[in-house]
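# Topology and contacts: notes
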Amino acid sequence: MPQRSRTRETDDVEELLGDGESTERSAGESSGRGFRARAKQRAVDVFSPRYFLVAAVVSSVAIFFGGTLVPLVGDVTGFVAVFLASFLLGAVTSDSRILETAAGGAVAGGLGFLLQNLAWMVVGGLPIAAVGVGAGLLAGGLGAYFGGDLRDGLTRDI
């Protein structure tokens, strides 16, 4: 049985989470594409829907397990778990995707806060949901930022 060898230089995680083709194109290649393709590539460079979905799922799983398996201080452990999951996402990927990770953390924080405090949601409504969304946004964004900063510091030449 022949051994498999890697012939490409890309990272497996980036290949999994990447939305479009390579953004490193020469001027000749980019001028040959149509307006719609260039606009789509620019939009994906700003906000990647695939990475957002991955971040939302990872953050949702983290807030569920962090809030239920480690019931330390109410809802705080769930948001600590979102921070740690976002930190790992930021440390693993080579692109800085703070916006997508923060938005995924906000979705997970809102859903987690809604499901854990359903009785308060009936009484308080939207302002209470905003607390969960804001905390998830903050935890996801900070986790991705610090994870990317750690990755950058470990891979930079001295």
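Each value, and the rule that gives it
- Residue positions are given per chain, counted from 1 along the sequence in the order it is written.
- Whole-chain, interface and lining totals are the exception, using all residues; otherwise, since this is a predicted model, local features are given only for residues with pLDDT of at least 70 and side-chain atom pairs are given and counted only at 80 or more.
- Note that the side-chain values use all heavy atoms of the structure and ignore hydrogens as well as water.
- Geometry is summarised by axes, namely lines fitted to C-alpha atoms with helices restricted to the contacting stretch, and by angles between N-to-C directions that run from 0 to 180 degrees.
- In this description a helix means any DSSP run of H or I spanning at least four residues, a strand means any run of E spanning at least two, and both kinds are numbered starting from the N terminus.
- An angle counts as roughly parallel when it lies under 35 degrees, as roughly antiparallel when it exceeds 145, as roughly perpendicular when it falls between 65 and 115, and as oblique in every other case.
- Whether a crossing is left-handed or right-handed is set by the direction in which the near helix is turned from the far one by less than a right angle, anticlockwise for left-handed and clockwise for right-handed.
- Pairs of residues are marked as contacts when any of their non-hydrogen atoms sit within 4.5 Å.
- Each residue is assigned to one of three groups, with Ala, Val, Leu, Ile, Met, Phe, Trp, Tyr, Cys and Pro labelled nonpolar, Asp, Glu, Lys and Arg labelled charged, and all others, Gly among them, labelled polar.
- A patch is a set of surface residues, each over 30% in relative accessible area and not in a salt bridge, joined within 9 Å for like charges and within 5 Å for the nonpolar side chains Val, Leu, Ile, Met, Phe, Trp and Tyr.
- Only the protein chains shown count as covering a residue, and every accessible area follows the Shrake-Rupley method with a 1.4 Å probe.
- In what follows, salt bridge is the name for a side-chain nitrogen of Lys or Arg lying within 4 Å of a carboxyl oxygen of Asp or Glu.
- Centre distance within 6.5 Å is the pairing criterion for rings of Phe, Tyr and Trp, where only the six-membered ring of Trp is used; planes under 30 degrees apart are then read as stacked, over 60 as edge-to-face, and the remainder as tilted.
- Relative accessibility thresholds used throughout: buried, under 20% of the residue-type maximum; exposed, over 50%; partly exposed, between the two (1.4 Å probe, protein chains only).

### Re the packing of helix α5 (residues 76-92) against helix α6 (residues 98-116)
Their axes nearest at 11 Å, the elements α5 and α6 cross at an angle of 155°. One element, α5, and the other, α6, form an angle in the roughly antiparallel class. In the packing of α5 onto α6, the handedness of the crossing is right-handed. Facing α5, whose interface residues are Phe-79, Val-82, Ser-86 and Leu-89, α6 presents Thr-101, Gly-105, Gly-109 and Phe-113. Split into classes, the residues belonging to the contact of α5 with α6 amount to four nonpolar, four polar and no charged.

### A look at the environment of Ala-91
Positionally, Ala-91 belongs in helix α5. For Ala-91 and Asp-149, which are 58 residues apart along the polypeptide, the C-alpha to C-alpha distance reads 7.7 Å. Residues contacting Ala-91, with those up to four places away along its chain left out, are Gly-147, Gly-148 and Arg-151.

### Quick look at a nonpolar patch on the surface
There is a patch of nonpolar side chains on the surface, built from Val-57, Val-61, Phe-64, Phe-65, Leu-69 and Val-70 and spanning about 580 Å² of accessible area. Here Val-61 is to be found in helix α4 (residues 49-69).

### Quick word on the packing of aromatic side chains
Here the structure, examined in full by the defined rule, presents five aromatic pairs. On the numbers, 5.4 Å between centres and 70° between planes, the contact of Tyr-145 with Phe-146 is edge-to-face. A relative accessible area of 45% means that Tyr-145 is categorised as partly exposed. By relative accessible area, Phe-146 is classed as partly exposed at 39%.

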